[in-house]
Amino acid sequence: MTHPSTPDQLPDVHVQAEVLVQALPHMQRYDQQVVVIKYGGHAMGDRAAAEDFAEDVVLLEQSGIKPIVVHGGGPQIGRMLDKLGIKSEFKAGLRVTDQATVEVVEMVLAGSINKQIVGWIGAEGGKAVGLCGKDGNMVTARKVTRTTVDPDSNIEKVVDLGFVGEPEKVNREVLDQVLSAELIPVLAPVAVGQDGQTYNVNADTFAGAIAGAMMAKRLLLLTDVPGVLDKNKNLIPEMTIEDCRRLIADGTITDGMIPKIETCIYALERGVEAVVILDGKVPHAVLLELFTDHGAGTLIRRG
Ligand SMILES: Nc1ncnc2c1ncn2[C@@H]1O[C@H](COP(=O)(O)OP(=O)(O)O)[C@@H](O)[C@H]1O
Ligand SMILES: CC(=O)N[C@@H](CCC(=O)OP(=O)(O)O)C(=O)O
């Protein structure tokens, strides 16, 4: 399969009989395979877009695929912190998270957004179970440590991000049980430390850890850009791990795309067959990616 599409080349897909006929050979390729879909906060559009997304997830499950949804909610957390008058800042792409912030993060991610997505899937006829990494000790985390080097003195300084965690261990038993009961797991990127502390985990990183532990066939990262763009802002349809490292080093890939690409490398090195970064605002982005010859976004493979 080639992966050459730009969004304007993509067909207008509605879930209709002829689309399903076209999709059949692709469905067989993914039969009984785990596909992890990261639904980013920026990709979550209006109610109609959410319905399209939920419809796609239900169709995957009904066609024999085992979808796992990991959602973000960065913009939604930001809005709630603003409402509550809590100041928030990002360092190295991660939200500095004190005790008050971690409580809001958990409330927004594991509370509102998680249950909203479960509700959307339910409304499309699917059966979803909303969990976070704390449930059943599914994802344990350790505190993230980051350092910066002072350019004048060349002295390394530790950046304290508070309760920001990185996945330490994924207990896949919990997910296996949910999947074998033919339920769709919807996961919020909140994890638990050895001491019971709640940790805020970047949703891309969380999705990569889940995809790696589940040896997923595909990890789809749904965001608000068509995929990885080159210096001229053209979509790069396919990349290898080596290309990823080169484009970070030469400054083509920056900001929020860096944790995404690091997630891709992590997941590919743990056995995930391919990762796709794509625009979640395109109607039926997930179906277009998995069930058509055109593909969408940037497909990343080991080499
Ligand atoms: N080479 C690149 N190609 C595409 N996007 C890039 C690139 N470099 C940096 N970005 C930025 O990364 C952003 C996506 O990351 P982020 O905002 O964290 O997404 P999300 O909220 O979906 O996780 C894009 O909106 C874009 O501003
Ligand atoms: C540590 C850290 O930064 N956590 C993120 C978790 C949510 C997230 O990653 O959501 P998106 O995918 O929508 O960006 C945050 O607090 O915003």
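Residues numbered from 1 in each chain as written. Chains lettered and ligands numbered in written order. Predicted model: local features only at pLDDT ≥ 70, side-chain atom pairs only at ≥ 80, totals over all residues. Heavy atoms only, no water.

Trainee: In this structure, what is going on with the layout of surface pockets? I would like to understand it.
Mentor: The rolling of a water-molecule-sized probe over the atoms marks out the regions of remaining empty space. One number sums up the size of the largest pocket: a volume of about 910 Å³. Around the largest pocket, the lining is made up of 41 residues, and of these His42, Asn202, Asp204, Gly256 and Lys260 lie nearest the centre. Put simply, the parts of the chain that give the lining of the largest pocket at least two residues each are helix H3 (74-83), strand S4 (94-95), helix H6 (203-213), strand S13 (218-223) and helix H8 (257-269). When grouped by side-chain class, the residues that make up the lining of the largest pocket number 17 nonpolar, 15 polar and nine charged. Looking at the second largest pocket, it is lined by 20 residues, and the ones nearest its centre are Arg146, Glu166, Thr205, Pro259 and Glu262. Top element by residues in the lining of the second largest pocket is H8. It accounts for five residues. Each residue belonging to the lining of the second largest pocket can be placed in one class, and the counts come to ten nonpolar, six polar and four charged. (1 Å grid on protein atoms, 1.4 Å probe; cavity = no way out; pocket = protein on both sides within 12 Å on 5 of 7 lines; lining within 4 Å. Points joined across faces, edges and corners; volume = space filled by probe spheres on them. Helix = DSSP H or I, 4+ residues; strand = E, 2+ residues; numbered from the N terminus. Nonpolar A, V, L, I, M, F, W, Y, C, P; charged D, E, K, R; others polar.)

Trainee: For this particular structure, what's the right way to read the packing of aromatic side chains?
Mentor: Taken as a whole and judged by the stated rule, the model has two aromatic pairs. Between the aromatic rings of Tyr39 and Phe53, the centroid separation amounts to 3.7 Å while the plane-to-plane angle is 5 degrees, which identifies the pairing as stacked. With Tyr39 in strand S1 (residues 34-39) and Phe53 in helix H2 (residues 47-62), this pair connects stretches of sequence that are 14 residues apart. By relative accessible area, which is 1% here, Tyr39 ends up buried. Look at Phe163 and Tyr199: their rings are 6.4 Å apart centre to centre, the planes differ by 65 degrees, and that puts the pair in the edge-to-face class. Taken together, the positions of Phe163 in the loop between strand S8 (156-159) and strand S9 (165-170) and Tyr199 in strand S12 (residues 198-200) put the pair 36 residues apart, joining distant regions of the chain. Sitting over the ring of Tyr266, Arg270 keeps its end group 3.6 Å from the ring centre. (Phe/Tyr/Trp six-rings, centres within 6.5 Å; stacked < 30°, edge-to-face > 60°. Buried < 20%, exposed > 50% of the residue type's maximum accessible area, 1.4 Å probe, protein only. Lys NZ or Arg CZ within 6 Å of the ring centre and 35° of its normal.)

Trainee: Before we go on, may I ask you to explain the packing of H2 against helix H4 (residues 99-123) in this structure?
Mentor: Two packed helices can be described by the angle between their axes and the distance between those axes. Where H2 meets H4, the axes come as close as 8 Å, and the angle between the chain directions of the two elements is 65 degrees. One finds that H2 runs roughly perpendicular with respect to H4. Pair H2 / H4 crosses with right-handed handedness. Here Arg47, Ala50, Phe53, Ala54, Val57 and Val58 of H2 come into contact with H4, specifically with Ile117, Trp120 and Ile121. When grouped by side-chain class, the residues that make up the contact of H2 with H4 number eight nonpolar, no polar and one charged. (Axes fitted to C-alpha atoms, helices over the stretch in contact; angles between N-to-C directions. Parallel < 35°, antiparallel > 145°, perpendicular 65-115°, else oblique. Left-handed = near helix turned anticlockwise from the far one by under 90°. Contact = heavy atoms within 4.5 Å.)

Trainee: I tried to follow the UniProt feature "domain: Aspartate/glutamate/uridylate kinase" (unreviewed entry) in the protein chain on my own but got confused; where do I start?
Mentor: The feature "domain: Aspartate/glutamate/uridylate kinase" (unreviewed entry), as annotated in UniProt, sits at residues 34-278 in this numbering. In the segment residues 34-278, helix accounts for 38% and strand for 27%; the C-alpha atoms at its two ends are 18 Å apart. (UniProt positions renumbered as here; feature names shortened; annotations may be inferred.)

Trainee: Would you mind showing me how to read the site of ligand 2 here?
Mentor: Around ligand 2 lies a shell of 16 residues, among which Lys38, Gly41, Arg95, Asn200 and Ala203 are the nearest. The separation between an oxygen atom of ligand 2 and a polar side-chain atom of Lys38 is 2.6 Å. Ala203 places a main-chain nitrogen or oxygen 3.0 Å from an oxygen atom of ligand 2. Protein burial of ligand 2: of its 430 Å² of free accessible surface, 92% is covered by the chains. More than half of the atoms belonging to ligand 2 lie within 2 Å of the grid points that define the largest pocket. Listed by contribution, the elements that provide at least two residues to the shell around ligand 2 are H3 and S4. In terms of residue count, the dominant contributor to the shell around ligand 2 is H3 (three residues). A per-class count over the shell around ligand 2 returns seven nonpolar, seven polar and two charged. (Near = heavy atom within 4 Å. Polar contact = N/O pair within 3.5 Å; in protein donor to acceptor, adjacent residues only side chain to side chain. Areas by Shrake-Rupley, 256 points an atom, 1.4 Å probe, with all protein chains shown as cover. Sits in = over half its atoms within 2 Å of the grid points.)

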